[in-house]
Amino acid sequence: MSTGTGPETEQRMSVSIEPGESGAPTLADLPDLPPLDGLTSYALALPTLDDLGPGGVVHEREIRPRRRLRWWQTLPIALLAALGSLMFGFPLAFGSGGAMVGMLGLLLTAASVGWGAMAARHAGYKWPGLPRRGSGVRADWRAIVIYTLIALLCFALAVWRVVHLHA
């Protein structure tokens, strides 16, 4: 994959001519060729692309662009995460629901985290310590344990927060 100009070289093609083939020229049809001691293969200089078309710079471009997340894909995920975290952090500012608004905020935040993780995985990103999908490499058990402990800690702190909202 290249984003710059391509090589500007003259390429010569080698053409093999077998005498007696239908439609193929014979050795007698090729004038001014030196004898090659019984060989029937000749290298012919063919015109290059520069000779056939207008001159200019050749830009190579990948047909399928690199997969990455664009701003318009991450914006709704970030907005949902911000709204959910504000509802979870300040439930009384969003109404008199208290614990119910806090739980709804927690749900929106968790949904945005999952949405972002799935979008990143679809774009080809990976979690640190874990292999890419389809690589055939097994995940390191220590990374899985660390991610599980972090998720359990976040869940326990969220439940503790909601319990204290109700009391």
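Since we're looking at a predicted model, the values are computed, not measured.

1. Some thoughts on the pattern of salt bridges
Under the counting rule described, the total for this entry stands at 1 salt bridge. The closest approach of N and O atoms between Asp140 and Arg142, which form a salt bridge, is 3.3 Å.

2. Regarding the environment of Val113
Mapped onto the elements of the fold, Val113 is located in helix α3 (residues 99-123). Sequence spacing of Val113 and Ala81 is 32 residues, and the spatial spacing of their C-alpha atoms is 7.3 Å.

3. Looking at the environment of Gly89
Mapped onto the elements of the fold, Gly89 is located in helix α2 (residues 71-89). Exposure remark for Gly89: the relative accessible area of 28% places this residue in the partly exposed category. Taking C-alpha positions, Gly89 is 9.0 Å from Leu106, a pair spaced 17 residues apart along the chain.

4. Overview of the confidence of the model for the protein chain
Across the protein chain, pLDDT averages 75, with 60% of residues at or above 70. For the protein chain, the element scoring lowest by mean pLDDT is strand β1 (residues 14-16), at 50; α2 scores highest, at 91. Low confidence marks residues 8-14, where pLDDT is under 50. Its contacts with residues over four positions away, or in another chain, come to 11 contacts.

Reading the values: the criteria
- Every chain's residues receive numbers from 1 upward, in the order its sequence appears when written.
- Given that the model is predicted, a residue must reach a pLDDT of at least 70 before its local features are reported, and side-chain atom pairs must reach 80 or more before they are shown or counted; all residues, however, enter totals for whole chains, interfaces and linings.
- Side-chain numbers come from the whole structure's heavy atoms, not from hydrogens or water.
- In what follows, salt bridge is the name for a side-chain nitrogen of Lys or Arg lying within 4 Å of a carboxyl oxygen of Asp or Glu.
- Helix and strand assignments follow DSSP, with helices taken as H or I runs no shorter than four residues and strands as E runs no shorter than two, numbered in order from the N terminus.
- Working definition: with a 1.4 Å probe on protein chains only, accessible area under 20% of the residue-type maximum means buried, over 50% means exposed, and in between means partly exposed.
- Per residue, pLDDT captures the predictor's confidence, and it can take any value from 0 to 100.
- For this analysis, residues touch if any pair of their heavy atoms sits within 4.5 Å.

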